[in-house]
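# Reading the structure
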Amino acid sequence: MKQHHFGAALTGSYLNTRGVLFWFLVILGVECDEETMTAVHQCLLLCLLSTLTAAAGSWTGRKNVLFIVADDLRTSLGCYGDPLVKSPNIDQLASKSQVFLNAYAQQAVCAPSRTSMLTSRRPDTTRLYDFKSYWRVHSGNYTTLPQHFKSHGYTTMSVGKVFHPGIASNHSDDYPYSWSIPAYHPASFRFENQKMCKGKDGDLHANLLCAVNVSEQPGGTLPDLESADEAVRLLKSRAVDGAPFFLAVGFHKPHIPFRIPQEYLSLYPLDKIILAPDPDVPKLLPPVAYNPWTDVRKRDDVQKLNVSFPYGRIPDDFQLRIRQHYYAAVSYMDAQVGRLLSTLDDLSLTDSTMVVFTSDHEAVGADFLPAQHRT
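In this report, we go over the structure that sits alongside the text. Not measured: the values here are computed from a predicted model.

### A few points about the packing of aromatic side chains
If you walk through the whole model with that rule in mind, you get 11 aromatic pairs. An angle of 35° between the planes, with centres 4.9 Å apart, marks the rings of Phe 149 and Phe 246 as tilted. Of this pair, Phe 149 sits in helix H7 (residues 145-151) while Phe 246 sits in strand E6 (residues 245-250), placing them 97 residues apart in sequence. Considering the side-chain rings of Tyr 268 and Tyr 327, the 5.6 Å spacing of their centres and the 25° angle between planes classify their relative orientation as stacked. Of the two residues, Tyr 268 is situated in the loop between strand E7 (258-261) and helix H9 (294-297) and Tyr 327 in helix H11 (residues 316-346); the sequence distance between them amounts to 59 residues. Judged by relative accessible area, Tyr 327 falls into the buried class, the value being 7%. Within the aromatic cluster, the residues linked to one another by ring pairs are Phe 67, Tyr 134, Trp 135, Phe 149, Tyr 154, Phe 163, Trp 179 and Phe 246.

### Let's talk about a nonpolar patch on the surface
Nonpolar side chains collect at one region of the surface, where Tyr 80, Phe 100 and Leu 101 lie side by side and expose about 370 Å² of accessible area between them. By the secondary structure assignment, Leu 101 is in the loop between helix H3 (88-95) and helix H4 (110-119).

### Points about H4
When you tally the buried positions in H4, you get 9 out of 10 residues, the bulk of the element. Along H4, the positions that sit buried rather than exposed are Cys 110, Ala 111, Pro 112, Ser 113, Arg 114, Thr 115, Ser 116, Leu 118 and Thr 119. The inward-facing, buried residues of H4 abut strand E1 (64-70), helix H5 (123-126), helix H6 (135-138) and H7.

### What to know about the nonpolar core
Leu 208, Leu 247, Val 249, Phe 251, Phe 258 and Leu 340 are the most contacted members of the largest nonpolar core, which has 54 residues in total. Leave out the neighbours within four places in its chain, and Phe 251 touches Ile 68, Val 69, Ala 70, Asp 71, Asp 224, Ser 227, Ala 228, Met 333, Gln 336, Val 337 and Leu 340. Counting 15 residues, the second-largest nonpolar core is a separate cluster that includes Val 65, Tyr 134, Phe 149 and Tyr 154.

### Re the state of the cysteines
Going through the model one piece at a time under the given rule, you end up with 1 disulfide. The side chain of Cys 197 participates in a disulfide bridge whose partner is Cys 210; the two sulfur atoms lie 2.0 Å from each other. Note on the Cys 197 and Cys 210 pair: the S-S dihedral is about -105°, so by sign convention the disulfide is left-handed. Note that Cys 197 is positioned in strand E3 (residues 197-198) and Cys 210 in strand E5 (residues 209-212), a separation of 13 residues in sequence. For the residue pair Cys 197 and Cys 210, the accessibility class agrees, reading buried in each case.

### Things to note about the sheet that holds E1
The parallel open sheet is built from 4 strands, whose spatial order is E2-E6-E1-E8. Strand pairing shows two members of the sheet lacking a second neighbour, strand E2 (155-160) and strand E8 (353-359), which therefore form its edges. In this sheet, adjacent strand axes meet at a mean angle of 10° when their direction is disregarded. Where E1 meets E6, 5 bridges bridge the pair, whose relative direction is parallel. The partner of Val 69 across the bridge, within E6, is Gly 250.

### What to know about the packing of helix H8 (residues 223-239) against H11
Their axes nearest at 10 Å, the elements H8 and H11 cross at an angle of 10°. One finds that H8 runs roughly parallel with respect to H11. In this structure, H8 contributes Asp 224, Leu 225, Ala 228, Asp 229, Ala 231, Val 232 and Leu 235 to the contact, and H11 contributes Tyr 332, Gln 336, Arg 339, Leu 340, Thr 343 and Leu 344. A per-class count over the contact of H8 with H11 returns 8 nonpolar, 2 polar and 3 charged.

### A short note on the environment of Gln 303
Positionally, Gln 303 belongs in helix H10 (residues 300-303). Sequence spacing of Gln 303 and Asn 207 is 96 residues, and the spatial spacing of their C-alpha atoms is 9.3 Å. Discounting chain neighbours no more than four positions away, the residues touching Gln 303 are Arg 297 and Lys 298. One polar contact links the side chain of Gln 303 to the main-chain carbonyl oxygen of Lys 298, over a distance of 3.2 Å.

### Notes on the packing of H3 against H11
Viewed as axis vectors pointing N to C, H3 and H11 meet at an angle of 55°, and their least axial separation amounts to 7 Å. Considering their axes alone, H3 and H11 lie oblique with respect to each other. Within the contact between the two elements, H3 uses Pro 88, Asn 89, Ile 90 and Leu 93 and H11 uses Met 333, Asp 334, Ala 335, Val 337, Gly 338 and Leu 341. A class-by-class count of the residues in the contact of H3 with H11 yields 7 nonpolar, 2 polar and 1 charged.

Conventions adopted
- Residues numbered from 1 in each chain as written.
- Predicted model: local features only at pLDDT ≥ 70, side-chain atom pairs only at ≥ 80, totals over all residues.
- Heavy atoms only, no water.
- Phe/Tyr/Trp six-rings, centres within 6.5 Å; stacked < 30°, edge-to-face > 60°.
- Helix = DSSP H or I, 4+ residues; strand = E, 2+ residues; numbered from the N terminus.
- Buried < 20%, exposed > 50% of the residue type's maximum accessible area, 1.4 Å probe, protein only.
- Patch = residues over 30% accessible without salt bridge, like charges linked within 9 Å, V, L, I, M, F, W, Y side chains within 5 Å.
- Areas by Shrake-Rupley, 256 points an atom, 1.4 Å probe, with all protein chains shown as cover.
- Salt bridge = Lys/Arg side-chain N within 4 Å of Asp/Glu carboxyl O.
- Contact = heavy atoms within 4.5 Å.
- Core = buried A, V, L, I, M, F, W, Y, C linked by side-chain atoms within 4.5 Å.
- Disulfide = S-S within 2.5 Å.
- Pairing = 2+ DSSP bridges.
- Axes fitted to C-alpha atoms, helices over the stretch in contact; angles between N-to-C directions.
- Parallel < 35°, antiparallel > 145°, perpendicular 65-115°, else oblique.
- Nonpolar A, V, L, I, M, F, W, Y, C, P; charged D, E, K, R; others polar.
- Polar contact = N/O pair within 3.5 Å; in protein donor to acceptor, adjacent residues only side chain to side chain.

Written as structure tokens, this is what we have:
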């Protein structure tokens, strides 16, 4: 509730309660002269003002929420004991937060996992296991997490990949049910799977490994850079508003392809990268449990490897580069998280904002089979 609404409430109360007050005093046997009426009425108005002031204090005292979601992030973070990754911003957040060490994803692909998390329903309830259905039509008109906040007076905003885009969220990211304003998606994402990666031959390719010079990319930017910019803009706009907000920011990395700023590769020299300790397909693995990573096989650089389908092994040198790029993508995403946390500090919003950081599910992007999703 904005401050100017209180004035309207007081004015209405003054006009409407005087007649009620007259009859109330008559019933009590109190003499209803003008002086008595005025004194009692002023007392009532003071009580009303006190109540509204308490409500206003309760409003402004409610915590904001910054809800950050990474895409396909493993526990490749310093706060989970990974000795190689450089994730200083998330680690700093974790150092003063509740860190969950025993958590699971309900489904091993984006749309049903995010739908499950944001509706608080298991996939067995939503009956969603793929990207082809919208839960409000397919399973039930469930209240979502941001919708709950919105119904309790919060301004709710979505930036980047929060709900899975497309039919899985009704081509609207569930607006207007979940969000106060239409969801924001970075314009540069449309180039994500196009030929944007300069090869040794000088030509552009649609590669899995795609460290780029950002200045040479369309618009001179990348999706997560754009999302961080928009999230910072929204935080600044809410700082002057005063009403509580729920801001969800979904970063696309470390999801494939690894189209990331090339400077992050320097954090992980190849001679410091080691192969996964279990690079082979388990001998007793049921075929139904195996993902032949068909989405990865479509990438130009992977096709050149000519790996046999479905169980062929990726060459060791390419495995090392996959792991290098995955870690670099984590550090790139971590830097964007740092920008948001710094903005909270700069706007004096840190103490009044609850920060949640999570991921939809993990992917074996840094293991022996890239993009084999698992729970």
